[in-house]
Amino acid sequence: MGALFDSHCHLDFDDFASDRTAVMARAEAAGVAAIMIPGVSRRASSKTRISSASIELFYGVGLHPYFIAEHDYADIDWLEQQLQRCPHAVVGEVGLDRSCSDYRKQQQLFTAQVELACAYQRPLIIHHRQSQADLVAILMRYRSKLPAHAGVIHAFSGSYEQAQSWLALGFMIGVGGVISYQRAAKTRSTIARLPLESLVLETDAPAMPLAGYQGQRNEPAQLLLVVDALAQLSGWSTAQIAAQTSSNAYRLFANR
Ligand SMILES: [Zn+2]
C-alpha cells in the first residue's frame, strides 16, 4: 500500500505533548507520509510549530466554532496577516456548529474567513454540526470566487444529496472514523457511492476514535483503519484508496 495523507489531525494539541515523537513514529510506520494540521484559534496557532524530518506537515489557520467565546473580530486581521506571511497556509478549521454558543457570531466569523479564502485563493477546511444547509447557503454566495479546489468538508456525515452539494461547490469529502461505526448507515452508504477522486482521508486525532477504540485518544497511525473501513465499504483495494486519496490531498493542499 502506498503512502497515506492524514488530511485532518490536531497534532499540535496538548493531548500529544508528552509523547508526540512516538505518535509520529507510529504514524510513519503505518505509512502516513503527510499530515494537515488545522489551526483552531489565534492563541493555539501562536504556539511553537511542530517539525518533522520524516512526515511532511501542512498547516491551516482558522477560527474554530468550538472556541467562539475566545475569538475577537480583530482576529480576522491577524488571520489575514498569517495568509500573507505563509503562502502555503490554508483557511481552517472554520465552520458552524449548532452545539456551540453565539451562532450569529459564528456566522459572521465564518463569512469573513470565506472572504479571505477567496481573496487569497486558499482552500477551506470546514467543520459542520447540524449546519450543512447554512454553510452551503453562505458558500453559494461566493461560488464564483472560491478557489478551483475549494477545500474539504471535514468529518463528513450525511446524505448523498448533501455530499453532492459539496462536490458542486468544488469541495472534497473528508472521510474519517465515522465510517467504522455500523450505526452510521446513511454516511456509510453515501461514501460508498462517491467517486474516489472526491475523497480525502482523516483521523481528526486526538478526537474521533474508531469503532473498538471508544474513549481512547485517537492518533494518526489509526488512518490505516480508516483505509480498511473504506475498502470494506466500497470494494476499492487499500492500494487504490491510498494512492488516490493521497493524490487528492496533495492536489488540494499543495497544488501538486
Ligand atoms: Zn478538527
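### Overview of the overall build of the protein
Next, step 1: Scanning the protein for helices and strands turns up nine helices and eight strands.
Next, step 2: Against the 2.2 N^0.38 benchmark of 18 Å for 256 residues, the protein shows a C-alpha radius of gyration of 17 Å, consistent with a compact globule.
Next, step 3: Considering only intrachain contacts with a sequence separation of at least 6, the fraction spanning at least 24 residues in the protein is 74%.

### Here's the deal with the sheet that holds strand 3 (residues 56–61)
Next, step 1: Judged by pairing direction, the sheet is parallel, and its eight strands sit side by side in the order 1-2-3-4-5-6-7-8 without closing on themselves. Two strands close off the open sheet at either side, each with one partner strand: strand 1 (4–6) and strand 8 (199–201). Looking at each pair of strands side by side, their axes are set apart by 30 degrees on average, direction ignored.
Next, step 2: Strand direction decides the pairing type here: strand 6 (residues 151–153) and strand 7 (residues 171–175), joined by three bridges, are parallel. Bridged to G151 within strand 7 is F171.
Next, step 3: Contacts from helix 4 (residues 103–120) reach strand 4 (90–97) and strand 5 (124–129), with the element oriented near 155 degrees to strand 4.

### Some details on helix 4
Next, step 1: For helix 4, spanning 18 residues, the distance from its first C-alpha to its last is 26 Å, which sits close to the expected 26 Å at 1.5 Å a residue.
Next, step 2: Of all the residues in helix 4, the buried ones are Q106, L109, F110, Q113, V114 and A117. Viewed end-on, helix 4 has its buried residues packed into an arc of 145 degrees, placing them on one side of the element. Among the exposed residues of helix 4, those oriented more than 90 degrees off its buried face are R104 and A119.
Next, step 3: Buried residues along helix 4 sit in contact with helix 3 (75–85), strand 4, strand 5 and helix 5 (132–141).
Next, step 4: Q121 occupies a position one or two residues after helix 4 and carries a positive phi of about 50 degrees.

### Remarks on unusual backbone geometry
A negative phi angle is the norm for most residues apart from glycine, just as the trans form is the norm for most peptide bonds.
Next, step 1: Residue G92 is joined to E93 through a cis peptide bond whose omega torsion reads 25 degrees.
Next, step 2: Along the chain, E93 falls in strand 4.
Next, step 3: A cis amide bond, omega 5 degrees, links A205 with the succeeding residue P206.
Next, step 4: Relative to the helices and strands, P206 resides in the loop between strand 8 and helix 8 (223–234).
Next, step 5: One non-glycine residue, A155, lies in the positive phi region at around 50 degrees.

### Side note on the packing of helix 8 against helix 9 (residues 238–254)
Next, step 1: Interhelical geometry of helix 8 versus helix 9 gives an angle of 115 degrees and a closest axis separation of 9 Å. Considering how the two elements wind past one another, helix 8 and helix 9 form a crossing that is right-handed. Judged by residue contacts, V227, D228, L230 and A231 of helix 8 engage T238, I241 and A242 from helix 9.
Next, step 2: A per-class count over the contact of helix 8 with helix 9 returns five nonpolar, one polar and one charged.

What counts and what doesn't
- Residues numbered from 1 in each chain as written.
- Predicted model: local features only at pLDDT ≥ 70, side-chain atom pairs only at ≥ 80, totals over all residues.
- Helix = DSSP H or I, 4+ residues; strand = E, 2+ residues; numbered from the N terminus.
- Rg over C-alpha atoms; globule rule 2.2 N^0.38 Å.
- Contact = placed C-beta atoms within 7 Å.
- Pairing = 2+ DSSP bridges.
- Axes fitted to C-alpha atoms, helices over the stretch in contact; angles between N-to-C directions.
- Expected span 1.5 Å × (residues − 1).
- Buried ≥ 20, exposed ≤ 12 C-beta atoms within 10 Å, placed from the backbone.
- Arc of directions from axis to C-beta.
- Left-handed = near helix turned anticlockwise from the far one by under 90°.
- Nonpolar A, V, L, I, M, F, W, Y, C, P; charged D, E, K, R; others polar.

Everything listed here is a matter of geometry and, on its own, says nothing about what the molecule does.
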